[in-house]
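Each chain, written out:
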Amino acid sequence: MLPRFASVFSVPVIISVFLLGFVRAEEDKLRIGNETIDRTVQLRTHSIYAPYIDQDLQNRWWDFGADAYVVRILPSGFRAELTIFQNTNKHIRLTQNRPSQMGWLWSRLPLTAANFVIEIEFKVSGDSSHLFGDGLAVWLTRDRKKEGPVFGNQDNFEGLGIFLDTYANGRHSYSFPHITAMLGDGKTPYDSGTDGDTNSIGGCSANFRRTNVATKLKITHLHDKLLDVKLQHKAWDEWTDCFQVKNISLPVNPYMGFSAMTGDVSDAHDIITVTTYSAILVPEEKGKKKKGGIFSSASPSDEPGSWLAFFFKLFLLVGVCAGGYYGYQEYRRRQRFGGGGGGNFGGFGRGGGGGLGGPLYSGNKRAF
């Protein structure tokens, strides 16, 4: 009898699980600070990945320059280092593991999204285990393609610079490699003597050099509200918080860039992929809703945005109750007409009855 009972309830249970999963997905929005990102839309104009070029041996949205080149893996397995772009499929190398190199990669168009998320897969590698440098930088600035002494970019920049520094110019209370950020005003120089400590708005120490997993940097910016930086360097899809800055403003429509530099010591600095998303936030009135269980109390009069969720939960509750009631009635019907009695072959009803060919009626009551 148990299989019959289970089959009766299977449809309501499946529907309930589906609806519960839908509501849970609605609740599992990405929370950044006090804001909620509802969804993201990839920006092709500010994303780059293999093969990095089109059929005209150019990239429509990006410029490379200085010592930067693209590494191609030939079919035979030999590596070719190309400054004239061909059918490439490995990475963009900003600097080789050689002293006194500098290279850059810049977007051709400004980034117009007010809220955005940038994921950068990069690689810093070299032969030495104790002497290496200098590092690479991520830029969101008013100007582009201006070479200089700050990790290959100009000094006195206007905008945001995030520096992945692998060489310490002085003594510090923290370890290297170190990530630090500076918000330039166009007038203040970067303090290389302190590795940017006097300019820093946030930072963290993280060993992103010569790792066993893909190293990624995730930058989330919410207009005039928040800058959040995370790093993947320990395990796949394990993001470590680096720093977060509130109430930060970037230049309007900044250009995105990457640069790297080596000095007397060196490393290879590679950009593998850049993926940029426009972030669409949950409207403020929806973001203020209290999260709770699926059947938690909710007042539809609190705010206009809560009406839909209230009626959806009410509909779900009614559906589950109706499904349970239907299942119980179907179970009873099968018990009555499916041979649930205790008599012999002739017993149809709950009252039993005689044996084979027994009477169908007992007194004034039907036996079934």
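Residues numbered from 1 in each chain as written. Predicted model: local features only at pLDDT ≥ 70, side-chain atom pairs only at ≥ 80, totals over all residues. Heavy atoms only, no water.

Visitor: How do you make sense of the overall build of the protein chain when you look at a structure like this?
Guide: Broken down by element type, the protein chain carries three helices and 20 strands. When the 368 residues of the protein chain are sorted by exposure, 41% land in the buried category. Across the protein chain, every contact between residues at least 6 apart in sequence was considered, and the portion connecting residues at least 24 apart equals 65%. Carbon and sulfur atoms make up 54% of the accessible area of the protein chain, which totals about 20300 Å². (Helix = DSSP H or I, 4+ residues; strand = E, 2+ residues; numbered from the N terminus. Buried < 20%, exposed > 50% of the residue type's maximum accessible area, 1.4 Å probe, protein only. Contact = heavy atoms within 4.5 Å. Areas by Shrake-Rupley, 256 points an atom, 1.4 Å probe, with all protein chains shown as cover.)

Visitor: Quick question: what am I supposed to make of the sheet that holds strand β9 (residues 135-141) here?
Guide: As a general point, the strands of a sheet are linked pairwise by backbone hydrogen bonds and lie either parallel or antiparallel. Across the sheet, seven strands lie side by side as β3-β7-β17-β9-β11-β12-β13; this open sheet has antiparallel pairing. In this open sheet, the two strands that pair with only one neighbour each are β3 (62-66) and β13 (200-205). Sheet twist, expressed as the average angle between the axes of neighbouring strands with direction ignored, equals 15°. As judged from the five bridges shared by β3 and strand β7 (residues 102-107), these two strands associate in the antiparallel manner. Each residue of the ladder has a partner; that of Trp-62, found in β7, is Ser-107. (Pairing = 2+ DSSP bridges. Axes fitted to C-alpha atoms, helices over the stretch in contact; angles between N-to-C directions.)

Visitor: What am I meant to see in the confidence of the model for the protein chain here?
Guide: In low-pLDDT segments, the atomic positions of the prediction should not be examined closely. Overall, the prediction assigns the protein chain a mean pLDDT of 79, with 71% of residues at 70 or greater. In this model, residues 1-11 is a region of pLDDT below 50 whose contacts with residues beyond four sequence positions or in other chains number 13 contacts. Across residues 340-368, where pLDDT falls below 50, the model places 21 contacts with residues more than four positions away in sequence or in other chains. (pLDDT = per-residue confidence, 0-100.)

Visitor: Sorry if this is basic, but what is going on with the environment of Gly-65 here?
Guide: When you line up the elements, Gly-65 lands in strand β3. Residue Gly-65 is classed as buried on the basis of its relative accessible area, which comes to 10%. Put simply, Gly-65 and Ser-259 are 194 residues apart on the chain and 9.6 Å apart in space, counted from C-alpha to C-alpha. Leave out the neighbours within four places in its chain, and Gly-65 touches Gly-103 and Trp-104.

Visitor: How do you make sense of the side chain of Thr-220 when you look at a structure like this?
Guide: Locating Thr-220 in the fold gives a position in strand β14 (residues 215-222). Classification of Thr-220 by relative accessible area gives buried; the value is 2%. When neighbours within four sequence positions are excluded, Thr-220 is seen to be in contact with Ile-32, Ile-37, Phe-116, Val-117, Leu-226, Leu-227 and Asp-228.

Visitor: Help me understand the side chain of Thr-180, please; the structure alone is not making it clear to me.
Guide: The topology assignment puts Thr-180 in strand β12 (residues 178-185). Side-chain polar atoms of Thr-180 contact the side chain of Ser-200, separated by 2.9 Å. When neighbours within four sequence positions are excluded, Thr-180 is seen to be in contact with Gly-161, Ile-162, Phe-163, Asp-195, Gly-196, Ser-200, Gly-202 and Gly-203. (Polar contact = N/O pair within 3.5 Å; in protein donor to acceptor, adjacent residues only side chain to side chain.)

Visitor: So what exactly am I meant to see when it comes to the environment of Glu-147 here?
Guide: Here Glu-147 is to be found in strand β10 (residues 147-150). The class of Glu-147 is partly exposed, set by a relative accessible area of 46%. Measuring from C-alpha to C-alpha, the distance between Glu-147 and Ser-259 comes to 9.0 Å, with 112 residues separating the pair along the chain. When sequence neighbours within four positions are dropped, the list of residues in contact with Glu-147 reads Ala-66, Met-102, Trp-104, Gly-152, Asn-153 and Gln-154.

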